[in-house]
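# Inside the fold
Chain residues, written in single-letter form:
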Amino acid sequence: MDRIGASVDAAPAPRPQRTILDGRLVRIVPLDPVAHAGALFEGSRGAENESLWRYLFEGPFRTRAAFDSHLQQKASSEDPLAFSILAKSSGDAVGYASYMRIEPAHRVIEVGSILFTPRLHRTIGATESMYLMARHVFEDLGYRRYEWKCNALNAPSRRAALRLGFTFEGVFCQHMIIKGRNRDTAWFSMLDSEWPKRKAPFERWLDPSNFDADGRQRVSLSVLNSEFENGSLRS
């Protein structure tokens, strides 16, 4: 007998809209090139920040005019669909991220084009922003597969994907040419069936009780993911 795959609900998922996702420390909002450009440019410009752009398709931007033009193009796109990450303490834009390669018919979507300025990098809010975007994809929009892709040489991005609960699936060799250089692409995924096992550790990690008075974590997200996989952590 031919094997053709399990039968699944073939109803398409809705396309993501320019919505607001509200967290404890960050708010995800549609990218506004007028309201957000100043803080994002100041947070990402200069020689000390060139590494932020190393593996992105664009940048670094030498002038505010070039950066503004980039944000205007990004904000007008439907795929990728770009969002700013605002620090709730100040209201400033401290990063951005996009839903991209959006395939409603297959209920597959990717998170990418991620820029965290130093104000967001390695903060609780950085993790919360990724949690909010994942939760929206699975719980509000009903996608089956959530993807993370990065340059295979981008070790920090690969570590981040694993820490956030994505599963490494392999490398597409000579996948792209970016800024005149070869890019092999590392692929990661999170499935709707896996989301409950990812959501509980996220929420345990993000809980204020997981941090001491100086903001240091008591238990890492990687450890919580491992404990849930092993059955020692319950939702």
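Figured I'd write up the structure that's included with this text. Everything numeric here is computed off the predicted structure, so don't read it as measured data.

## Thoughts on the pairing of strand β8 (residues 181-191)
The pairing of strand β6 (residues 145-151) with β8 spans seven bridges and is antiparallel. Bridge pairing links Asn151 to Thr185 in β8. Taking the residues between adjacent antiparallel strands as the criterion, strand β7 (residues 167-178) and β8 are bridged by two residues, where Lys179 takes a positive phi near 55°.

## Focus: the pattern of salt bridges
Overall, the coordinates contain 15 salt bridges when judged by the stated rule. With its nearest N and O atoms 3.2 Å apart, the salt bridge here joins Asp22 to Lys88. Highlighted residues: Asp22 in strand β1 (residues 21-22) and Lys88 in the loop between β3 (81-87) and β4 (93-103), separated in sequence by 66 residues. A salt bridge links Glu110 to Arg101, with the nearest nitrogen and oxygen atoms 3.5 Å apart. A residue is classified by how much of its surface remains accessible, and Arg101, at 42% relative accessible area, is partly exposed. One network of salt bridges, in which partners are shared, links Arg101, Glu110, Arg145, Glu147, Lys149 and Glu169.

## Some remarks on the packing of helix α1 (residues 37-44) against helix α2 (residues 64-76)
Running from N to C, α1 and α2 cross one another at 120°; their axes reach a closest spacing of 10 Å. Between α1 and α2, the angle is such that the two are oblique. The two elements α1 and α2 meet at a crossing, and its hand is right-handed. For the pair α1 and α2, contact is made by Ala37, Gly38, Leu40, Phe41 and Ser44 and by Arg64, Phe67, Asp68 and Leu71, respectively.

## Digging into the packing of helix α5 (residues 195-206) against helix α6 (residues 221-229)
Interaxial distance between α5 and α6 falls to 9 Å at its minimum, and their mutual angle equals 140°. Between α5 and α6, the interaxial angle falls into the category oblique. Both α5 and α6 take part in a crossing whose hand is right-handed. Residues Pro196, Lys197, Arg198, Ala200, Pro201, Phe202, Arg204 and Trp205 of α5 form the contact with α6, whose own contacting residues are Leu221, Leu224, Asn225, Phe228 and Glu229. Split by residue class, the contact of α5 with α6 holds eight nonpolar, one polar and four charged.

Conventions adopted
- Residues numbered from 1 in each chain as written.
- Predicted model: local features only at pLDDT ≥ 70, side-chain atom pairs only at ≥ 80, totals over all residues.
- Heavy atoms only, no water.
- Pairing = 2+ DSSP bridges.
- Helix = DSSP H or I, 4+ residues; strand = E, 2+ residues; numbered from the N terminus.
- Salt bridge = Lys/Arg side-chain N within 4 Å of Asp/Glu carboxyl O.
- Buried < 20%, exposed > 50% of the residue type's maximum accessible area, 1.4 Å probe, protein only.
- Axes fitted to C-alpha atoms, helices over the stretch in contact; angles between N-to-C directions.
- Parallel < 35°, antiparallel > 145°, perpendicular 65-115°, else oblique.
- Left-handed = near helix turned anticlockwise from the far one by under 90°.
- Contact = heavy atoms within 4.5 Å.
- Nonpolar A, V, L, I, M, F, W, Y, C, P; charged D, E, K, R; others polar.

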